[in-house]
Structures are given as C-alpha cells and as structure tokens.
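Chain and residue survey
Okay, here's what each chain looks like letter by letter:
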Amino acid sequence: MYQRVLEGREKVFGPEHPNTLNAVTDLGVLLQRKGKYEEAEPMHRRDLEGSEKALGLEHPDTFISVDNLGMLLQRMGNYEEAEPLHRRALEGREKALGFEHPDTLSSVNNLGVLLQDQGKDEEAEAMYRRALEAYQKTLGPEHPDTLACRKNIARSRKLLRWAQHVLTTQSVEDPSDEHPSVEETSTLAPKQNKPSTPAQKFLENHPLFRGSRSAQAVPRRDDLDEVD
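Bear in mind the structure is a predicted one, so any value in this text is a computation, not a measurement.

Calculation notes
- All residue numbers here refer to positions counted from 1 along the written sequence of the relevant chain.
- Confidence filtering applies because this is a predicted model: local features only for residues at pLDDT of at least 70, side-chain atom pairs given and counted only at 80 or more, and all residues used for totals across whole chains, interfaces and linings.
- Remark: hydrogens and water are excluded; side-chain values derive from all non-hydrogen atoms of the structure.
- The helix count covers DSSP runs of H or I at least four residues long, the strand count covers runs of E at least two residues long, and both are numbered beginning at the N terminus.
- Under the scheme applied here, a residue whose accessible area is under 20% of the maximum for its type counts as buried, over 50% as exposed, and between as partly exposed, the area being computed with a 1.4 Å probe on protein chains only.
- Pairs of residues are marked as contacts when any of their non-hydrogen atoms sit within 4.5 Å.
- Surface accessibility in these figures is a Shrake-Rupley result with a 1.4 Å probe; residues are shielded only by whichever protein chains are displayed.
- Grouping into patches uses exposed residues only, defined as over 30% relative accessible area, and leaves out salt-bridged ones; the cut-off is 9 Å for like charges and 5 Å for nonpolar side chains (Val, Leu, Ile, Met, Phe, Trp, Tyr).
- For this analysis, a salt bridge means a side-chain nitrogen from Lys or Arg found within 4 Å of a carboxyl oxygen belonging to Asp or Glu.
- The span one expects for a helix is its residue count, reduced by one, times 1.5 Å.
- The set of buried Ala, Val, Leu, Ile, Met, Phe, Trp, Tyr and Cys residues whose side-chain atoms join them within 4.5 Å is what this entry labels a nonpolar core.
- Axis definition: a line fitted to C-alpha atoms, over the contacting stretch in the case of helices. Angles run 0 to 180 degrees between N-to-C directions.
- In what follows, roughly perpendicular refers to angles from 65 to 115 degrees, roughly parallel to angles under 35, roughly antiparallel to angles over 145, and oblique to any angle outside these ranges.
- By convention, the crossing between two helices is left-handed when the near helix turns anticlockwise from the far helix through less than a right angle, and right-handed when the turn is clockwise.
- For this classification, Asp, Glu, Lys and Arg are treated as charged, while Ala, Val, Leu, Ile, Met, Phe, Trp, Tyr, Cys and Pro are nonpolar and the rest, including Gly, are polar.

1. Looking at the overall build of the chain
A tally of regular secondary structure across the chain gives ten helices and two strands. Along the chain, from the amino end to the carboxyl end, the secondary structure elements read α-α-α-α-α-α-α-α-β-α-α-β. Going through the 228 residues of the chain one by one, you find that 50% of them count as buried. Considering only intrachain contacts with a sequence separation of at least 6, the fraction spanning at least 24 residues in the chain is 63%. Split by element, the accessible area of the chain, about 11200 Å² in all, is 49% carbon and sulfur.

Put into structure tokens, the structure is as follows:
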C-alpha cells in the first residue's frame with residue numbers, strides 16, 4: 001500500500017515534491033517499524049536529501065527528516081554518523097523553534113539516549129536534566145515525556161552502577177530485579193522493538209568495557225520503550 005502510494009505520487013507530483021517526500025517518509029517509517037533497517041535507510045536518506053532541496057536546510061520539516069535518519073542509524077549501531085545528525089537537529093530546532101519547543105526537547109532527550117549508548121555518562125545526564133527541567137516547566141510534572149525523562153536519569157545511574165558491578169565481579173547478572181532501560185521521545189518515528197538492549201549497548205560501548213570479554217556475554221533484554 002505505502003509503496004503504491006509513493007509510486008502514484010511520483011507520477012503525479014514528481015520525485016522531489018513535498019507530497020512525494022511525505023510518502024517516502026511513511027514508507028521509511030513502516031519499514032523501520034518492521035525492523036527492516038537496511039530497506040528503511042535509503043528511504044530516510046532520500047527524504048532528507050529531498051527535504052533539503054525542496055524546503056531548505058533550516059526548515060522545521062527538514063529537521064524531522066534529520067532526526068528520523070539519526071534515530072535509525074542509532075538503532076543500527078552507527079553512532080559515528082548518528083551523533084552529528086542528532087546534534088544538527090537539536091541546534092537547528094533551537095534556532096527555528098526555540099529552546100523549550102517540544103520538538104527541541106525531544107532532540108535534547110534523544111541526544112542523551114545516544115550519548116548514554118556510547119558510555120558518555122556525564123554528557124547524557126546533562127541532556128536529560130536539561131530536558132527534564134524544560135518538560136516540567138512547559139508540560140507539567142505528570143506529562144509522559146516528563147516522566148520518561150525522569151526515568152532516564154534514574155536508569156542512567158542504574159546502568160552505571162550495574163557496569164561497575166560487572167567490572168568488579170566479572171558477572172553480567174543484574175544484582176537487582178529491575179532491568180535498566182531508557183526511553184526516547186520522537187516527533188515522528190513510531191514505537192518499535194530495538195535490535196539490542198540498553199544494558200547490552202552500554203557495556204559494548206562504554207569506555208571501561210571496550211574490548212572486554214564481559215561485554216560479549218551480556219544477555220538480551222527486550223525492555224526498551226519509546227514515548228511518542
């Protein structure tokens with residue numbers, strides 16, 4: 001269905017018309033939801049390139065395309081390319097929308113998730129705290145995005161304690177009953193399962209554990225949620 005819609009809009013509007021690009025986005029998101037990341041990637045790249053040409057580098061909708069590609073690459077484990085995209089989306093939204101716009105705060109929180117995936121603990125917590133303060137001010141203390149951000153701070157600290165436990169005991173068993181997880185906020189991309197868990201990614205990418213045999217033995221934990 002999505003492929004047929006895209007083909008129809010290409011014929012009617014042309015390959016770079018905003019209506020066509022919307023169909024490209026929809027198809028990319030659908031493929032992403034199904035876990036078909038390699039098929040989704042060219043859709044997101046085409047969407048971003050087309051949005052830059054049709055709307056400009058600084059248009060808010062272009063930053064949605066930047067954010068979507070960054071989140072996909074993050075889930076594929078391509079942090080080196082994902083991080084500058086997250087930072088570009090954040091900086092662009094700060095200028096275009098303001099520091100407390102929901103889309104800007106989504107970028108702040110999601111950059112924190114990416115930094116945490118890479119073991120950049122202090123930077124990640126700074127992002128979470130910035131997002132939390134603004135969410136509490138603009139959305140209120142009980143809004144789902146506020147609660148997700150508050151949980152991210154607590155779970156970030158839990159992951160670090162767990163990593164220290166692994167380093168000390170050489171055991172990957174979580175000493176508590178609760179599995180650490182983080183939550184993302186998204187302006188467009190829908191909910192989906194992740195290919196790896198926050199605990200696994202944390203040990204694989206944290207500077208303390210790169211090259212460690214312990215990082216290879218972390219059991220899979222499918223408890224990572226998103227908040228739209």
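Once the structure has been displayed, the description carries forward.
2. Observations concerning the environment of R129
As for its position among the elements, R129 is in helix α7 (residues 121–138). Separated by 21 residues in the primary sequence, R129 and V108 have C-alpha atoms spaced 9.4 Å apart. Not counting chain neighbours up to four residues away, the residues in contact with R129 comprise I153 and R157.

3. Here's the deal with a nonpolar patch on the surface
On the surface, M1, Y2 and V5 cluster together into a nonpolar patch covering about 310 Å² of accessible area. Tracing the chain through its elements places M1 in the segment before α1 (2–13). Overall, M1 belongs to the exposed group, its relative accessible area being 68%.

4. Details of the environment of G50
Relative to the assigned elements, G50 resides in helix α3 (residues 37–55). Taking the relative accessible area as the measure of exposure, G50 reaches 6% and is therefore buried. Along the sequence, G50 and H17 sit 33 residues apart, while their C-alpha atoms lie 8.1 Å from each other.

5. Details of helix α5 (residues 79–97)
With 19 residues, α5 ought to run about 27 Å at 1.5 Å a step, and its terminal C-alpha atoms sit 26 Å apart, in line with that. Inspection of α5 places Y79, A82, E83, L85, H86, A89, L90, G92, R93 and E94 among the buried residues, and these make up the whole buried set. Phi for G98, located one or two positions after α5, is positive at around 105°.

6. Comments concerning helix α6 (residues 102–117)
Given a rise of 1.5 Å per residue, 16 residues ought to cover 22 Å, and the 23 Å separating the end C-alpha atoms of α6 matches this to within 8%. By the criterion of burial, α6 is predominantly enclosed, with 14 of the 16 residues buried.

7. Quick word on the pattern of salt bridges
All chains considered together, the criterion is met by 13 salt bridges. A salt bridge links E100 to K137; the shortest N-O distance between them is 3.3 Å. Of this pair, E100 sits in the loop between α5 and α6 while K137 sits in helix α7, and the two are 37 residues apart along the sequence. In this structure E100 comes out as partly exposed when scored by relative accessible area, which is 37%.

8. A look at the nonpolar core
Judged by nonpolar contacts, the single largest core of 24 residues is most densely connected at L85, L111, Y128 and C149. With seven residues, the single largest contributor to this core is α7. Excluding residues within four positions of it along the chain, C149 makes contact with N109, Y128, A131, L132 and Y135. Of all hydrophobic cores here, the second largest spans nine residues; its members include L6, V24, L27 and A40.

9. Quick notes on the packing of helix α4 (residues 60–75) against α6
Between α4 and α6, whose axes approach to 11 Å, the crossing angle comes to 20°. In this view, α4 runs roughly parallel relative to α6, as classed from their interaxial angle. In this structure, α4 crosses over α6, and the sense of that crossing is left-handed. Along its contact with α4, which presents D67, M71 and Q74, the element α6 presents S107, N110, V113, L114 and D117. Of the residues that constitute the contact of α4 with α6, the class distribution is three nonpolar, three polar and two charged.

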